[in-house]
Amino acid sequence: MQSNAQKPRPWWQTAVFYQIYPRSFADGNGDGTGDLAGMIDHLDYLQDLGVDAIWLSPHYPSPMFDCGYDVADYTAVAAEYGTLDDFKRFLEEVHQRGMYLILDLVLNHTSHQHAWFVESRASKSNPKRDWYVWRAGKNGAPPNNWLSTFGGPAWEFDPTTGEYYYHFFFKEQPDLNWRNPAVKQAMFEAIRFWLDLGVDGFRLDAISTLFEDPDLQDNQSPYTQADLYRLGQQAKIEQDQARIITAFRSMLGRQYDQPGIHELMRELRQLCDSYEDRVLVGETEEISYYGDGTNELHLVFNFPLMETRRLTPTWVINNQRERLATLPEAAWPCNTLGNHDSPRVYSRFADGQHDDQNARLALALLLSLRGTPFLYNGEETGMRDYLFPDLERFKDRLSLWAYQMERQVMGASHEQAVIRAAEYGRDKCRTPLQWADAPNAGFSPADVEPWLPVNPDFSEGINVEAQRHDPGSLWNFYRTMLHLRKKLPALMHGEFKLIGAKQNGDQQPDILAFLRQSAQPQQSCLVVMNFSDKPCGNPILDMTPLAAEFKTSQARVLFANTQHREDALNLSLFELAPFEILILELQQA
Ligand code: NOJ
């Protein structure tokens, strides 16, 4: 047992988070864009669904070149979402329901319209000049070969002073110079502003990109951006994709994870810990951002889980073995299947035949792995990626960049390029939430055009209202699982132990079984899942670890997604139905 077992467990280890993408969640004032009024109106909905905590994507004033990730004022609220008073009310209503709220904190860059940058670019002698990364060019070219992760060079020439500024993302997102102590001081003040208001923590955007190589040495990469785009589009299998991601990272190698970052994370942690019970979640998968497990970030995401194209027991086993083994002892895992930058989980795992079953397996896995789960708004109804083929309506400028690459690098026709750009961009997973089978899916009034097109499949049952009334719906599955998890300490915070399960056939191992065990209160749950469309007799192959610990092979059925399950079963003799998900309770010897 861990030495800190006596300490009360922090709320963020047992909570289930739900990401609200503010433009698309709920349109309270009927202007076509989500807002704080809509969020307040739907807090009962979230509570009833079983959500414990909310991660709110940026709600700050912004010219929206990157949908709010280009912040123009860190201590205010975007007018399209409401006022600071509306925000305070939202926070109060969240807390009144016993829920928590974390904000998105964009530290790496500001909007080019932020007052700091407006000053910084005004003259070389401006006191804010050094708040951003400015350099002279070399013989009419940018200072080095660095690239923007969103395409094109990372340096933008600014005619006012004849120098270049650095931007890891879009050129409308100039990078702050975190080596300047004044930047840190200003940002820490903004952080205190929200912590003083009572927010429960932050999700830290693009946290690994805060520092660049101070010597500005060139990146070494055999590839150009066009090469990598082409290879990425041609990648057929997951291994190809993984190789391309590695090549992409090395192309940007001197632009992230640079010296200074961990010291800064420790300072940030100290700031956060000077308030009670707050949490920092990093947008990175790098375990090093946990520090020693107590002194940097509280959580970093298990992004491989969000990025894999197929969930199979073998994949999950490898992922868990690798991550749990490398985690510092005091660190706590964090799992997610989707967010506003990734394909929707339903679409990602859809195979055209077992889409619904796959979505259920994915959720059951997310909620039963060890770690804090993060959900993304809309996935509870199985919202799909919506690939609207309309260049004019694209909002994500990544799609526009992909359109150009398709035309110039891939030689695609206009029609093909639009479709592929829709696939490449992120609008597909950001379309308005589908609340009902009503005009605009009940998101906005009938006579208002929502900011992004609504997926017409809302009329085919993919909406909250319809699914709420259908006991067999995905929405009710989410709700049932979320409420069940709250009752099971083993699932919320137990240890994780793999159990030898039957892995059918030559091609595809099918069964995943693992134990979750909590000490206080003591509970042992066995999770068994069949990832195939075939039944499986006696799925537990290796009873040894179970037999050693439990006095009987009888298990109590806490949850089964199939009908006709008895209340108990014999672990050494039972059959799993196709796609069956079982959560069982075992009695300690
Ligand atoms: C990561 C955010 O999730 C993404 O949406 C954004 O475009 C970049 N960081 C830049 O802030």
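Below is a short write-up of the structure. Computed from a prediction, not measured in an experiment: that's the story for all the values here.

Criteria and thresholds
- Residues numbered from 1 in each chain as written.
- Predicted model: local features only at pLDDT ≥ 70, side-chain atom pairs only at ≥ 80, totals over all residues.
- Heavy atoms only, no water.
- Helix = DSSP H or I, 4+ residues; strand = E, 2+ residues; numbered from the N terminus.
- Rg over C-alpha atoms; globule rule 2.2 N^0.38 Å.
- Buried < 20%, exposed > 50% of the residue type's maximum accessible area, 1.4 Å probe, protein only.
- Areas by Shrake-Rupley, 256 points an atom, 1.4 Å probe, with all protein chains shown as cover.
- Lys, Arg positive; Asp, Glu negative; His and termini not counted.
- Charge placed at Lys NZ, Arg CZ, Asp CG, Glu CD.
- Near = heavy atom within 4 Å.
- Polar contact = N/O pair within 3.5 Å; in protein donor to acceptor, adjacent residues only side chain to side chain.
- Nonpolar A, V, L, I, M, F, W, Y, C, P; charged D, E, K, R; others polar.
- Expected span 1.5 Å × (residues − 1).
- Arc of directions from axis to C-beta.
- Contact = heavy atoms within 4.5 Å.
- Pairing = 2+ DSSP bridges.
- Axes fitted to C-alpha atoms, helices over the stretch in contact; angles between N-to-C directions.
- Salt bridge = Lys/Arg side-chain N within 4 Å of Asp/Glu carboxyl O.
- Phe/Tyr/Trp six-rings, centres within 6.5 Å; stacked < 30°, edge-to-face > 60°.
- Left-handed = near helix turned anticlockwise from the far one by under 90°.
- 1 Å grid on protein atoms, 1.4 Å probe; cavity = no way out; pocket = protein on both sides within 12 Å on 5 of 7 lines; lining within 4 Å.
- Points joined across faces, edges and corners; volume = space filled by probe spheres on them.

A short note on the overall build of the chain
Phase 1: Within the chain, the secondary structure is distributed over 19 helices and 19 strands.
Phase 2: Rg of the C-alpha trace for the chain: 24 Å, near the compact-globule value of 25 Å for 589 residues, within the 12% margin.
Phase 3: With respect to the three principal axes, the spread of C-alpha positions in the chain is 75 × 55 × 50 Å.
Phase 4: Put simply, the chain has 589 residues, and 58% of those count as buried.
Phase 5: Accessible surface, the chain: about 23500 Å² in total, of which carbon and sulfur atoms supply 48%.
Phase 6: Here the chain holds 54 positive side-chain charges and 80 negative ones, and the gap between their average locations is 4 Å.

Overview of the site of the ligand
Phase 1: With respect to spatial proximity, the complete set of residues near the ligand consists of Asp66, Tyr69, His109, Phe150, Phe169, Arg203, Asp205, Glu283, His340, Asp341, Arg426 and Arg430.
Phase 2: Here an oxygen atom of the ligand and a side-chain polar atom of Asp66 are 2.5 Å apart.
Phase 3: A distance of 2.4 Å separates an oxygen atom of the ligand from a polar side-chain atom of Asp341.
Phase 4: Look at the ligand: alone it shows 300 Å² of surface, and the protein chains cover 97% of it.
Phase 5: When its residues are assigned to classes, the shell around the ligand shows three nonpolar, two polar and seven charged.

Comments concerning helix α11 (residues 313-326)
For an α-helix the count is 3.6 residues per turn, leaving residues at separations of three or four pointing the same way.
Phase 1: For α11, built from 14 residues, the straight-helix expectation of 20 Å at 1.5 Å per residue is met to within 8% by its first-to-last C-alpha distance of 20 Å.
Phase 2: Every buried residue of α11 is listed here: Pro313, Val316, Ile317, Asn319, Gln320 and Arg323. The buried residues of α11 all sit within an arc of 165° when viewed along its axis, so they share a single face. Exposed side of α11, more than 90 degrees from the buried face: Arg321, Glu322 and Ala325 are the residues found there.
Phase 3: The inward-facing, buried residues of α11 contact β9 (299-300), α10 (303-307), β10 (334-336), α13 (355-368), β12 (495-498) and β13 (511-518).

Quick word on the sheet that holds strand β2 (residues 53-56)
Pairing between the strands of a sheet is mediated by backbone hydrogen bonds and can be parallel or antiparallel.
Phase 1: Here eight strands make up an open sheet; going across it, the order is β9-β8-β7-β3-β2-β1-β11-β10 and the pairing parallel. Strand pairing shows two members of the sheet lacking a second neighbour, β9 and β10, which therefore form its edges.
Phase 2: Across three bridges, strand β1 (residues 17-20) lies against strand β11 (residues 372-376) in parallel orientation. Note on β11: the bridge partner recorded for Tyr18 is Leu375.

With respect to the sheet that holds β13
Phase 1: Read across the open sheet, the six strands follow the order β12-β13-β14-β19-β16-β17; overall the sheet is antiparallel. Each edge of the open sheet is held by one strand with a lone partner, namely β12 and β17 (568-570). Averaged over neighbouring strand pairs, the angle between their axes works out to 30° when direction is ignored.
Phase 2: Across eight bridges, the pairing between β13 and strand β14 (residues 523-530) is antiparallel. Bridging across to β14, Ala513 finds its partner in Val528.
Phase 3: Each of β13, β14 and β19 (581-586) is contacted by α13, which is oriented at about 155° to β14, the strand it contacts most.

Focus on the pattern of salt bridges
Side chains that carry opposite charge are capable of pairing whenever their charged atoms lie near each other.
Phase 1: Overall, the coordinates contain 33 salt bridges when judged by the stated rule.
Phase 2: A salt bridge links Glu93 to Arg89; the nearest nitrogen and oxygen atoms lie 3.5 Å apart. With Glu93 and Arg89 both in helix α4 (residues 84-96), this residue pair falls four residues apart, about one helical turn.
Phase 3: Two residues, Glu296 and Arg266, come together in a salt bridge whose shortest N-O distance is 3.3 Å. With a gap of 30 residues between them, Glu296 in the loop between β8 (279-282) and β9 and Arg266 in helix α9 (residues 261-273) connect regions that are remote in the sequence.

Quick look at the packing of aromatic side chains
Each aromatic ring pair is described using two quantities: the centre-to-centre distance and the angle formed by the ring planes.
Phase 1: The full count for this structure, using the stated rule, is 35 aromatic pairs.
Phase 2: Between Phe150 and Phe170, the aromatic rings sit 4.4 Å apart at their centres with planes inclined by 45°, giving tilted as the arrangement. Note that Phe150 is positioned in the loop between β4 (134-135) and β5 (155-158) and Phe170 in the loop between β6 (163-166) and α6 (181-197), a separation of 20 residues in sequence. Taken as a pair, Phe150 and Phe170 share a single burial class, namely buried.

Brief notes about the pairing of β1
The two faces of a sheet get side chains in turn, since along a regular strand they alternate between them.
Phase 1: Burial along β1 is two-sided: the face carrying Phe17 and Gln19 and the face carrying Tyr18 and Ile20 are both buried.
Phase 2: As defined by bridge partners, β1 adjoins β2 across four bridges and the pair is classed as parallel. The residue bridging Tyr18 from the neighbouring strand is Ile54, located in β2.

Section: the packing of α6 against α9
Phase 1: One can describe the packing of α6 onto α9 by two numbers: an axis separation of 11 Å at closest approach and a directional angle of 30°. The two elements α6 and α9 cross, and the hand of that crossing is right-handed. Residues Lys184, Phe188, Ile191 and Arg192 of α6 form the contact with α9, whose participating residues are Leu264, Glu267, Leu268 and Leu271.
Phase 2: Split into classes, the residues belonging to the contact of α6 with α9 amount to five nonpolar, no polar and three charged.

Some words on empty space enclosed by the protein
Phase 1: Within the structure shown, the criterion is met by three cavities of 30 Å³ or more.
Phase 2: Residue lining of the largest cavity: Tyr290, Asn302, Gln320, Arg323, Leu324, Leu327, Pro333, Cys334 and Asn335, and that is the complete set.
Phase 3: Element by element, the count of residues in the lining of the largest cavity is highest for α11, at three residues.
Phase 4: Of the residues contributing to the lining of the largest cavity, the split by class is five nonpolar, three polar and one charged.

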